[in-house]
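# Summary of the model geometry
Chain by chain, the residues:
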Amino acid sequence: MPIGTTLTQFIIEEQRRIAGATGDFTALLNDLATSIKVISNAVNKGALIGVMGTLESENVQGETQKKLDVITNDIMLRHNEWAGHLAGMASEEMDEVYAIPGQYPLGKYLLVFDPLDGSSNVDINISVGTIFSILRAPVANRAAGTEDFLQPGVKQVCAGYALYGSSTMLVLTTGHGVNGFTLDREVGEFLLTHPNMRIPEDTKEFAINTSNRRFWEAPVQRYVEECLAGKEGPRGKDFNMRWVASMVAEVHRILTRGGIFMYPRDTKDPAKPGKLRLLYEANPMSMIVEQAGGASSTGYERILDIQPEGLHQRVAVILGSKNEVEVVVEYHRTA
Ligand code: P6P
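These remarks concern the structure in this document. It should be emphasised that the depicted structure is a prediction, and the values quoted were computed from it without experimental measurement.

### Examining the overall build of the chain
When helices and strands are tallied, the chain shows 8 helices and 16 strands. Against the 2.2 N^0.38 benchmark of 20 Å for 335 residues, the chain shows a C-alpha radius of gyration of 19 Å, consistent with a compact globule. If one aligns the C-alpha atoms of the chain with their principal axes, the spans along those axes are about 60 × 50 × 45 Å. Residue burial in the chain is summarised as follows: out of 335 residues, 56% are buried. When the accessible area of the chain is evaluated, it comes to approximately 14000 Å², of which 51% is carbon and sulfur surface. Positive and negative charge centroids in the chain, built from 32 and 41 side chains respectively, lie 4 Å apart.

### Side note on the sheet that holds strand β14 (residues 295-297)
Read across the open sheet, the 5 strands follow the order β11-β10-β12-β16-β14; overall the sheet is mixed. Strands with a single pairing partner mark the edges of an open sheet, and in this sheet they are β11 (240-242) and β14. Averaged over neighbouring strand pairs, the angle between their axes works out to 15° when direction is ignored. Along the sheet face, helix α7 (residues 278-291) touches β14 and β16 (317-320) and points at about 25° away from the line of β16.

### Side note on the site of the ligand
Asp-117, Asn-209, Trp-243, Met-247 and Tyr-263 are the nearest of the 13 residues found near the ligand. One of the side-chain N or O atoms of Tyr-263 is found 2.6 Å from an oxygen atom in the ligand. One of the side-chain nitrogen or oxygen atoms of Lys-275 is found 3.0 Å away from an oxygen atom of the ligand. Isolated, the ligand exposes 400 Å² of accessible area, and the fraction of that covered by the protein chains is 84%. Of all the cavities here, the one that holds the ligand is the largest pocket. When contributions to the shell around the ligand are tallied by element, the ones reaching two or more residues are β12 (260-263) and β13 (276-277). Of the residues assigned to the shell around the ligand, the class counts are 6 nonpolar, 3 polar and 4 charged.

The rules behind these values
Residues numbered from 1 in each chain as written. Predicted model: local features only at pLDDT ≥ 70, side-chain atom pairs only at ≥ 80, totals over all residues. Heavy atoms only, no water. Helix = DSSP H or I, 4+ residues; strand = E, 2+ residues; numbered from the N terminus. Rg over C-alpha atoms; globule rule 2.2 N^0.38 Å. Buried < 20%, exposed > 50% of the residue type's maximum accessible area, 1.4 Å probe, protein only. Areas by Shrake-Rupley, 256 points an atom, 1.4 Å probe, with all protein chains shown as cover. Lys, Arg positive; Asp, Glu negative; His and termini not counted. Charge placed at Lys NZ, Arg CZ, Asp CG, Glu CD. Pairing = 2+ DSSP bridges. Axes fitted to C-alpha atoms, helices over the stretch in contact; angles between N-to-C directions. Contact = heavy atoms within 4.5 Å. Near = heavy atom within 4 Å. Polar contact = N/O pair within 3.5 Å; in protein donor to acceptor, adjacent residues only side chain to side chain. 1 Å grid on protein atoms, 1.4 Å probe; cavity = no way out; pocket = protein on both sides within 12 Å on 5 of 7 lines; lining within 4 Å. Sits in = over half its atoms within 2 Å of the grid points. Nonpolar A, V, L, I, M, F, W, Y, C, P; charged D, E, K, R; others polar.

In structure tokens form, the structure reads like this:
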């Protein structure tokens, strides 16, 4: 019985579109897919295999680490370090760049990831995910340094996420649109279930952590107030609100039915211009959103154009339905 298009088949068909493709990238994506299957298994087994709960340690972000933060980070390293496709890796859970161990060959790509985004939700069984971004190494087959990772988001060759929800999905773009795959656990393959995902240009649904309201800048205050004013207000329509505290789940909802997601800069911690990290949250999600017809901005500039200055740099994020993002950007422009 035909099982449909597998991820491997899809990637190889994509590879044929690229002149001079060596198959390296295809093999890298397959290793990444294997990592995600292993992470999905660990997340889905949860308490059954004792991976719930929190460690004493903190990550570079100063955030308490969940057991699964460390476990999933190790899974990403072990399954992607050996094949000779990478010149280095970087992760939310590691202070510094990860050097490929000497017994393995070096390659021409860089892999950047948040191994378990939204992990504060894992103990309460709300969807979490893995976010990844692939860049070209400035110098192939040479161990990458931090500066090699500091490339603007427009340089990404691939961006994607895994969503460990009611089903495990892998959503990715290589610059030719966005496609979604669902893990068939009986076959052990990701199957193409959401071809050519597109974000509706308009929406009536916004996502923001309203508990930070007193810290927002004026343009965001104005935007949210107008949403809450509903059809009697200046927007002339009622809005719905969501906040899952798991960016992957928010972005997947927006890819599926539209919406706007905001984690704006606020005065809560003046040292942080935003909460989300540029290299392994904002950039990959911005590439996916733009490739699906949406928009992604800090409110002041296009996220994919930002020249990174640090591996764990934070940035404000306003992304989703194109016309709604433009309203928020306009309020920043005229503030
Ligand atoms: P808050 C998860 O920690 C995360 O990085 C994103 O996935 C999520 O959108 C955001 O932070 C949630 O932040 O302040 O609401 O807990």
